[in-house]
Amino acid sequence: MKLEERVFSGMQPTGSLHLGNYLGAMLQWIELQKTHNCMYCVVDLHAITVWQDPAELRDSIRQVTAAYIAAGLDPKKSILFNQSQVSAHAELAWIFNCVARLGWLNRMTQFKEKAGKNKENASVGLYAYPNLMAADILAYRATHVPVGEDQKQHLELARDIAQKFNVDFQKEIVAAGFEDGVFFPQPEPVITGPATRVMSLRDGTKKMSKSDPSDLSRINLTDDADLIAKKVKKAKTDPEALPSEVEGLKDRPEAQNLVGIFAALSGTTREAVLAEFGGAQFSGFKISLAELATEKLAPMADEIKRLKAEPDEIDRVLADGAERARVVADPVMRKVKEIVGFIG
Ligand code: TYM
């Protein structure tokens, strides 16, 4: 089992995707698809770590799959699938529950944020969430993981788990034919581009998120052209003109966010955006940003709608993807079981 470069990433099917998901992760996914073997997962097992209405969950899984395809992921080229159809994720996660240490999980900031004050009432799954994420990646011995900045800590944990597994089972790994003693790779986070952390349109110090109660805080990938334009127009700004250098964005979170969004949507850098708009007022900049955003995003919303109207077709894509994913995961899991000492 030679270690080949493989890309793995995923998104939770909890409602509709937003601009942060698109610019922070998906744009990189689409780029990597051109050069690598890629697997893009709809992580439904992760979604149920907080309560999901079953009918809405089913709808969201299809919705996210439709968004993957509408954004430009090709189900013939990349493996698109939902996590619960491939049992290796849950199986390996259990083994990792026994490799990861409580102290490691206690440091996870996302658990603290999501559990809030009422930690005692959070699900055990929410706590063990990062172990499942490590299993997602390592069940395929994936080497590259394109994500937004908020996932960095989870990926560090996945690297620690891979490392501890390799050390704990060193002898068995060598005996299983891995002479260098390395069974799991150290997965590399790929956190690149001008928008690795897209912020709320209402508050430049808060991350754009599905859970923000204000719909004006985010652009959903299902928003139509009018709504996109309205949200850009209403986005919070400060009273100064745009600076001509990136350093001038310091301590101006809203300006920084909108310039980053513009750069990512137009496939350039923040420097290039400021070279064009430095000195301009926000009113003018927002008109250009609204045009750019509607041009890029509105056709995607139409395509999502079209794809969603054919749920059987989406389910076929997911079933095919799951079958191909199992072909990659099965031999890895057979070796894992041998290494750990299980029979059969
Ligand atoms: P999730 O579903 O919260 O987000 C999916 C992807 O979108 C990125 N993202 C953002 N990027 C920039 N700005 C934002 N405001 C923003 N909001 C979200 C996330 O960083 C992520 O890349 N735990 C993961 C899902 C997951 C996963 C995995 C990812 C499960 N298993 C294995 C990679 C590999 C999550 O909850 O992402």
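Residues numbered from 1 in each chain as written. Predicted model: local features only at pLDDT ≥ 70, side-chain atom pairs only at ≥ 80, totals over all residues. Heavy atoms only, no water.

1. Description of the pattern of salt bridges
Selection criterion: Here a salt bridge means any side-chain nitrogen of Lys or Arg lying within 4 Å of a carboxyl oxygen belonging to Asp or Glu. Burial classification: accessible surface area is computed with a 1.4 Å probe over protein chains only, and a residue below 20% of its type maximum counts as buried, one above 50% as exposed, and the rest as partly exposed. Numbering of helices and strands runs from the N terminus; a helix is a DSSP stretch of H or I covering at least four residues, while a strand is a stretch of E covering at least two.
All chains considered together, the criterion is met by 17 salt bridges. For the salt bridge of D212 with K206, the shortest nitrogen-to-oxygen distance reads 3.6 Å. Its relative accessible area of 41% is what places K206 among the partly exposed residues. Across the pair E338 and K335 runs a salt bridge whose closest N-O atoms are separated by 3.6 Å. Here E338 and its partner K335 are both found in helix α14 (residues 311-340), three residues apart, which amounts to about one turn of the helix. Counted as one network, the salt bridges with shared partners bring together D215, R218, D223 and K231.

2. Quick look at the environment of L17
Tracing the chain through its elements places L17 in the loop between β1 (6-11) and α1 (19-33). Counting along the chain gives 129 residues from L17 to P146, while the straight-line C-alpha distance between them is 16 Å.

3. Some details on the environment of P239
Mapping P239 onto the fold places it in the loop between α10 (225-234) and α11 (253-266). Once the C-alpha coordinates of P239 and Q281 are considered, the two residues, 42 residues apart in sequence, prove to be 8.4 Å apart.

4. Brief notes about the site of the ligand
Rules: In these notes, residues near a molecule or strand are those with any non-hydrogen atom within 4 Å of it. N or O atoms closer than or at 3.5 Å make up a polar contact, with two conditions inside protein: a donor-capable atom paired with an acceptor-capable one, and, for residues adjacent in sequence, both atoms drawn from side chains. Note on areas: Shrake-Rupley with a 1.4 Å probe; residue coverage comes only from the protein chains shown. In this count, Pro and Cys sit with the nonpolar residues alongside Ala, Val, Leu, Ile, Met, Phe, Trp and Tyr, while Asp, Glu, Lys and Arg are called charged and the others, Gly among them, polar.
Lining the immediate environment of the ligand, one finds 26 residues, of which Q12, Y129, D136, D150 and V198 sit closest. With respect to the ligand, the backbone of Q12 contributes an N or O atom lying 2.9 Å from an oxygen atom. In the model, a nitrogen atom of the ligand is placed 3.0 Å from a nitrogen or oxygen of the M208 main chain. A total of 710 Å² of accessible area belongs to the ligand in isolation, and the protein chains cover 96% of it. Counting residues per element, the ones that place at least two in the shell around the ligand are β1, α1 and α7 (124-138). When the residues that make up the shell around the ligand are grouped by side-chain class, the tally is 11 nonpolar, 11 polar and four charged.

5. Remarks on α1
Owing to its 3.6 residues per turn, the α-helix aligns residues three or four sequence positions apart on the same side. Where we set the bar: To estimate how far a helix should extend, the number of its residues minus one is multiplied by 1.5 Å. Axes are fitted to the seven residues ending at a residue and to the seven starting at it; the angle between these axes is taken as the bend at that residue.
A rise of 1.5 Å per residue sets the reference length of α1, with its 15 residues, at 21 Å; its end C-alpha atoms lie 20 Å apart and thus fit the reference within 8%. Along α1, the largest kink reaches about 40 degrees and is centred on A25. For α1, a buried count of 13 out of 15 residues is recorded, marking the element as mostly surrounded by other parts of the structure.

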